[in-house]
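Secondary and tertiary structure notes
Given next are the chains, with one letter for each unit.
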Amino acid sequence: MVDYVVYGRGSFNQLDEILASQRKDGAPMIFLLDHFFENKSLASRIPLHGNDKIIIADVTYEPKTTYVDKIAADLKNEFGKVSGIIGIGGGSTLDLAKAVSLMMNNPGSSADYQGWDLVKYPGVYKAGIPTLSGTGAEVSRTTVLTGPTKKLGMNSDFTPFNQIVLDPELTSNAPVNQRFYTGMDCYIHCIESLQGTYLNEFSKSYGEKALELCQKVFVEKNVWDDESDDALMMASFAGGMSIAYSQVGVAHAVSYGLSYLLGTKHGIGNCIVFDKLEEYYPDGVYEFKKMVEKNKIDIPQHITKGLSDEQFDTMINVSLGMKPLWENALGKDWEKTMTREKLRKLYEQL
Ligand SMILES: NC(=O)c1ccc[n+]([C@@H]2O[C@H](COP(=O)([O-])OP(=O)(O)OC[C@H]3O[C@@H](n4cnc5c(N)ncnc54)[C@H](O)[C@@H]3O)[C@@H](O)[C@H]2O)c1
Ligand SMILES: [Fe+2]
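What comes next concerns the included structure. (Residues numbered from 1 in each chain as written. Chains lettered and ligands numbered in written order. Predicted model: local features only at pLDDT ≥ 70, side-chain atom pairs only at ≥ 80, totals over all residues. Heavy atoms only, no water.)

**Remarks on the overall build of the protein chain**
Broken down by element type, the protein chain carries 14 helices and nine strands. Whereas a compact globule of 350 residues would reach a radius of gyration of roughly 20 Å, the protein chain reaches 19 Å, a difference of no more than 12%. Along the three orthogonal principal directions, the C-alpha set of the protein chain runs to about 60 × 45 × 40 Å. For the protein chain, buried positions account for 57% of its 350 residues. Taking the intrachain contacts of the protein chain between residues at least 6 apart in sequence as the baseline, contacts between residues at least 24 apart amount to 76%. Positive and negative charge centroids in the protein chain, built from 35 and 45 side chains respectively, lie 2 Å apart. (Helix = DSSP H or I, 4+ residues; strand = E, 2+ residues; numbered from the N terminus. Rg over C-alpha atoms; globule rule 2.2 N^0.38 Å. Buried < 20%, exposed > 50% of the residue type's maximum accessible area, 1.4 Å probe, protein only. Contact = heavy atoms within 4.5 Å. Lys, Arg positive; Asp, Glu negative; His and termini not counted. Charge placed at Lys NZ, Arg CZ, Asp CG, Glu CD.)

This is the structure:
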């Protein structure tokens, strides 16, 4: 779990104080800042001292193992040691920060650690400050990376942040579509966790609360205001806690394939898939469609039209590789239910 959590409007202002005790002589704090905030006022509020450095995180594409390795190698060359890595941004930037922190202390490439419990040593001190709400990356024990052969996280006990600062003010300028797609990541985490076979009382407690908060902001309320940002940030936190002890399910397993082949981003990819999952999550999909309509969001259609057999096979292989997700969704005998043919049909509908 995350060691320390601060929540509240304006809590970003406490960052200097929070980091003070983590600073080591001569070793800088490295701030990975989501490129959206380059030249924005948030950049000038980062508390820089000595040789601290801001690195603008290019999140045009979701994080790749090559990008993680490059940042870590450059930092080792430039500074030797760093005091910490602070990620400020959406889920992509948070994941990048977690992975770079780990790669400061682990040999080889981050691609070597894509999987479960492969990371050998703790990373350097790492803090996460989300500017979008929904992924749960701020609390999870994974960092999702696209590597040479797979899209898979570095899942380990060393992966969670040492500190997170949850300041809902930072999410207030997010565009409506992006806010919805990332928010739906949380909604889908809840549905997949609550209807999964891995569910236990821990996951259920957090999942139900997160679901209630998502419904409040996307179903019940008619305006988006500060209360909405406050609630969605806690929904993301609770949704992430819920899957910490369970797993995600069909939407994630299928959307990973899309993302690997077509570069479809996580939030929107999950929406594209979830839209077609009535068979697996009838109530959730019904409510999802209502939320799409109410919030006037476009869900892209026919994105797999015209793909070759080989391309479908690539997506199917990536997806079927996510065994724990399928097992959570469909039970131990999932391979009998989710055949390659059935999955191909599902991909053709997207
Ligand atoms: N580690 C985990 O447990 C976990 C869980 C789910 C998803 N993820 C990862 O999270 C990523 C998706 O994260 P995301 O949905 O937060 O999006 P993102 O981080 O990919 O960002 C999407 C876009 O929004 C911009 N942005 C960020 N904050 C903004 C703000 N306040 N205002 C305006 N624009 C802003 C970014 O610059 C980017 O262009 C994927 O890489 C996915 O794999 C990780
Ligand atoms: Fe997700």
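**As for the environment of Tyr260**
Within the fold, Tyr260 resides in helix α8 (residues 250-262). For the pair Tyr260 and Lys323, spaced 63 residues apart in the sequence, the C-alpha separation amounts to 16 Å. Ignoring any residue separated from it by four or fewer positions in sequence, one finds Tyr260 in contact with Thr146, Gly147, Pro148, Thr149, Lys150, Lys151, Thr314 and Val318.

**A word on the packing of aromatic side chains**
Inspection of every chain in the model, using the stated rule, returns nine aromatic pairs. Seen from their ring centres, Tyr187 and Phe274 are 6.4 Å apart, and the 85° between their planes marks the pair as edge-to-face. Placement of the pair is Tyr187 in helix α5 (residues 176-194) and Phe274 in helix α9 (residues 266-274), with a sequence separation of 87 residues. Side by side, Tyr187 and Phe274 carry an identical accessibility label, which is buried. Between the NZ or CZ atom of Lys40 and the centre of the ring of Phe36, over which it lies, the distance is 4.0 Å. (Phe/Tyr/Trp six-rings, centres within 6.5 Å; stacked < 30°, edge-to-face > 60°. Lys NZ or Arg CZ within 6 Å of the ring centre and 35° of its normal.)

**Brief notes about the site of ligand 1**
By nearness alone, 26 residues border ligand 1, and Asp34, Gly91, Ser92, Ser140 and Thr182 come closest of all. Thr142 is positioned such that a nitrogen or oxygen atom in its backbone is 3.1 Å from a nitrogen atom of ligand 1. At a separation of 3.3 Å, a nitrogen atom of ligand 1 approaches a polar backbone atom of Leu170. Burial of ligand 1 by the surrounding chains reaches 93%, relative to a free accessible area of 860 Å². (Near = heavy atom within 4 Å. Polar contact = N/O pair within 3.5 Å; in protein donor to acceptor, adjacent residues only side chain to side chain. Areas by Shrake-Rupley, 256 points an atom, 1.4 Å probe, with all protein chains shown as cover.)

**Side note on the coordination of the iron ion (ligand 2)**
Only Asp185 (OD), His189 (NE2), His252 (NE2) and His266 (NE2) from the protein coordinate the iron ion (ligand 2), and they sit 2.1 to 2.2 Å from it. Read in sequence order, the donor residues for the iron ion (ligand 2) give the motif D-x3-H-x62-H-x13-H. Of the two residues, His252 is situated in helix α8 and His266 in helix α9; the sequence distance between them amounts to 14 residues. Summarising the burial analysis for this pair, His252 and His266 share the class buried. (Donors = N, O, S within 2.8 Å, 3.2 Å for Na, K, Ca; no water.)

**A short note on the sheet that holds strand β8 (residues 151-155)**
With mixed pairing, the three strands of this open sheet are ordered in space as β5-β8-β7. The sheet is open, and its two edges are formed by β5 (115-116) and β7 (144-146), each paired on a single side. (Pairing = 2+ DSSP bridges.)

**Here's the deal with the pairing of strand β4 (residues 84-89)**
For β4, the tally of buried residues reaches six of six residues, placing the bulk of the element in the interior. Burial along β4 is two-sided: Gly84, Ile86 and Ile88 facing one way and Ile85, Gly87 and Gly89 facing the other are all buried. Bridging between strand β2 (residues 29-34) and β4 involves five bridges; their strand directions are parallel. Bridge pairing in β4 links Phe31 to Ile86. Where β4 lies against strand β6 (residues 125-130), six bridges are found, and the strand directions are parallel. Bridge assignment links Gly89 to a residue of β6, and that residue is Pro130.

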